[in-house]
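Geometric and topological summary
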Amino acid sequence: MTVTTPRGFRAAGVAAGLKTSGAADLALVVNDGPDAGIAGVFTANRVKAAPVLWTQQVVRGGVVRAVVLNSGGANACTGPAGFQDTHATAEHTAAALTSVSPRLMLGAGEVAVCSTGLIGERLPMQKLLPGVRSAIRGLGRDGGTAAAEAIMTTDTRPKTTVARGSGWTVGGMAKGAGMLAPAMATMLCVLTTDAVAGPEALDAALRAATAVTFDRIDSDGCMSTNDTVLLLSSGASGVEPTAAELTAAVTAACHDLAQQLIADAEGATKQIAIDVVGAATEADAVEVGRSVARNNLVKTALFGNDPNWGRILAAVGTTAAAFEPDGVDVAVNGIWVCRSGAAAEDRAKVDLSGRDVTIRIDLHAGSSAATIWTNDLSHAYVHENSAYSS
């Protein structure tokens, strides 16, 4: 159930000393297959970390043989020196891999680099580069779980997945537990497939998948500087799926990982699905769902097990979506507490004792729909993020 489930991939996760805890903090994924296709999507934040800028260039080249990922430091807002650190990481990884696997003959431009952790500090390269060599020595078909553990920051558990096609497979790993907002999260994700698929097919499938999965989880409305999702193809299965088949499998993998991210959101006690129906357009449905997901009054009410539909309706009213205020219905866990913009069923009927919450909003303005996933806002979230860098 990892990035090494598809044929043609090896991975490793090691402790390079980047984290003061001594936990694993460097991961490596290598594509040994006959193909080396790549696609990527990245944060929309204008402040982009050095590894994002580097990997965007690499992805444009259309060929990636290795991805090196570190936790314990974001390498963001580190200026030209930070970018040089990323370049040096790619060069070192390429040279070290080529020395032990000459048939790969890697160049730095075939190595993607991803980082996650505290913003504003240089990475200790005297630890990172030996860590790369250690990871190369540990590469194996069974290394996917260790790699997923090595990229964790505030995550409480590793996140991996597999989606199977007919004779081919998609595998994946992700990290992220906070700053989950559109254009993905404070997340890194590597997806692999042994399908035969070139960069254009991979790009189309990945963009379609992320648009309805990672881009629709919104934990706290904060957007990271380091968000990266990569999709690598080895071609080792010899099977070329249709565009629809590839998109479906990649979407299934992304959906599973996105739900794992929200389930592990920092301090969360509720996992919330906001279903918006009856919208004039899908964009309207997304806007309404996101407005409710980001509303701190809604999120704190749910933390307190309070089905405060007035706060939900007020959040809907801040959007530019097409609807009539007197025509909106709201249900919380199946109880229609608001009909036609006013009180309906007794809110005391709403059971919020469990972790899963569903808010359904019917705008009665059309036939479009969308779901946004979020979580509540708890004391633990405030504590964790107030103490994160200390």
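Shown above is the structure to which this text applies.
Small disclaimer: the values here were computed from a predicted structure and weren't measured. (Residues numbered from 1 in each chain as written. Predicted model: local features only at pLDDT ≥ 70, side-chain atom pairs only at ≥ 80, totals over all residues. Heavy atoms only, no water.)

Moving on to the overall build of the protein chain. Scanning the protein chain for helices and strands turns up ten helices and 15 strands. Its C-alpha atoms put the protein chain at 70 × 50 × 35 Å along the principal axes. The buried share of the protein chain, reckoned over its 390 residues, is 58%. If you sum the accessible surface of the protein chain, you get close to 14,500 Å²; carbon and sulfur atoms cover 53% of it. (Helix = DSSP H or I, 4+ residues; strand = E, 2+ residues; numbered from the N terminus. Buried < 20%, exposed > 50% of the residue type's maximum accessible area, 1.4 Å probe, protein only. Areas by Shrake-Rupley, 256 points an atom, 1.4 Å probe, with all protein chains shown as cover.)

Most of strand 7 (residues 169-175) sits out of view: seven of its seven residues are buried. Relative to strand 7, strand 6 (residues 159-164) runs antiparallel, the two sharing six bridges. Within strand 7, the residue paired with Thr161 across the bridge is Gly172. Hairpin connection between strand 6 and strand 7: a loop of four residues separates the two successive antiparallel strands, and Gly167 in this loop has a positive phi of roughly 90°. Both strand 7 and strand 8 (residues 188-193) contribute to a ladder of six bridges, which runs antiparallel. Along strand 8, the bridge assignment pairs Lys175 with Leu188. (Pairing = 2+ DSSP bridges.)

Moving on, we come to the pattern of salt bridges. Enumeration over the complete set of coordinates arrives at 13 salt bridges. With its nearest N and O atoms 3.2 Å apart, the salt bridge here joins Arg7 to Asp194. Here Arg7 is found in the segment before strand 1 (9-14), whereas its partner Asp194 is found in the loop between strand 8 and helix 5 (199-211), with 187 residues between them in sequence. A single network of salt bridges, built from pairs that share partners, joins Asp155, Arg157, Lys159 and Asp264. (Salt bridge = Lys/Arg side-chain N within 4 Å of Asp/Glu carboxyl O.)

The five strands are arranged 3-9-8-7-6 in an open sheet whose pairing can be described as mixed. Lying at the two open borders of the sheet, with one neighbouring strand each, are strand 3 (37-42) and strand 6. Adjacent strand axes in the sheet meet at a mean angle of 15° when their direction is disregarded. In the packing of helix 1 (residues 50-60) onto the sheet, contacts are made with strand 3 and strand 9 (228-233), and the angle to strand 3 comes to roughly 140°. On the sheet, helix 5 packs against strand 3, strand 8 and strand 9 and is oriented at approximately 30° with respect to strand 3. (Axes fitted to C-alpha atoms, helices over the stretch in contact; angles between N-to-C directions. Contact = heavy atoms within 4.5 Å.)

All right, on to the environment of Ser224 then. Within the element layout of this structure, Ser224 appears in the loop between helix 5 and strand 9. The exposure class assigned to Ser224 is buried, which follows from its relative accessible area of 3%. Only 3.0 Å separates the side chain of Ser224 from the backbone nitrogen of Asn226, close enough to count as a polar contact. (Polar contact = N/O pair within 3.5 Å; in protein donor to acceptor, adjacent residues only side chain to side chain.)

Here we take up the sheet that holds strand 4 (residues 66-70). Pairing within the open sheet is mixed, and its four strands lie in the order 1-2-4-5. What marks the edges here is a single partner per strand, and that holds for strand 1 and strand 5 (111-115). Taken pair by pair, the neighbouring strands of this sheet meet at an average axis angle of 10°, ignoring direction. Sheet analysis places strand 4 next to strand 5, joined by five bridges and oriented parallel. Looking at the pairing, Ala66 lines up with Val111 of strand 5. Running at roughly 130° to strand 5, helix 2 (residues 79-100) makes contact with strand 2 (26-31), strand 4 and strand 5 of the sheet.

The next subject is the environment of Val113. When you line up the elements, Val113 lands in strand 5. Among the residues examined, Val113 registers a relative accessible area of 4% and is labelled buried. Along the sequence, Val113 and Ser386 sit 273 residues apart, while their C-alpha atoms lie 28 Å from each other. With residues up to four places along the chain from it excluded, the contact list for Val113 reads Pro51, Trp54, Thr55, Val68, Thr86, Thr89 and Ala90.

So, about the side chain of Thr55. Turning to its location among the elements, Thr55 is positioned in helix 1. For Thr55, a relative accessible area of 0% corresponds to the buried category. Within polar-contact distance, the side chain of Thr55 engages the backbone oxygen of Val113 at 2.7 Å. Apart from residues no more than four positions distant in its own chain, Thr55 is found in contact with Phe42, Ala112, Val113 and Leu230.

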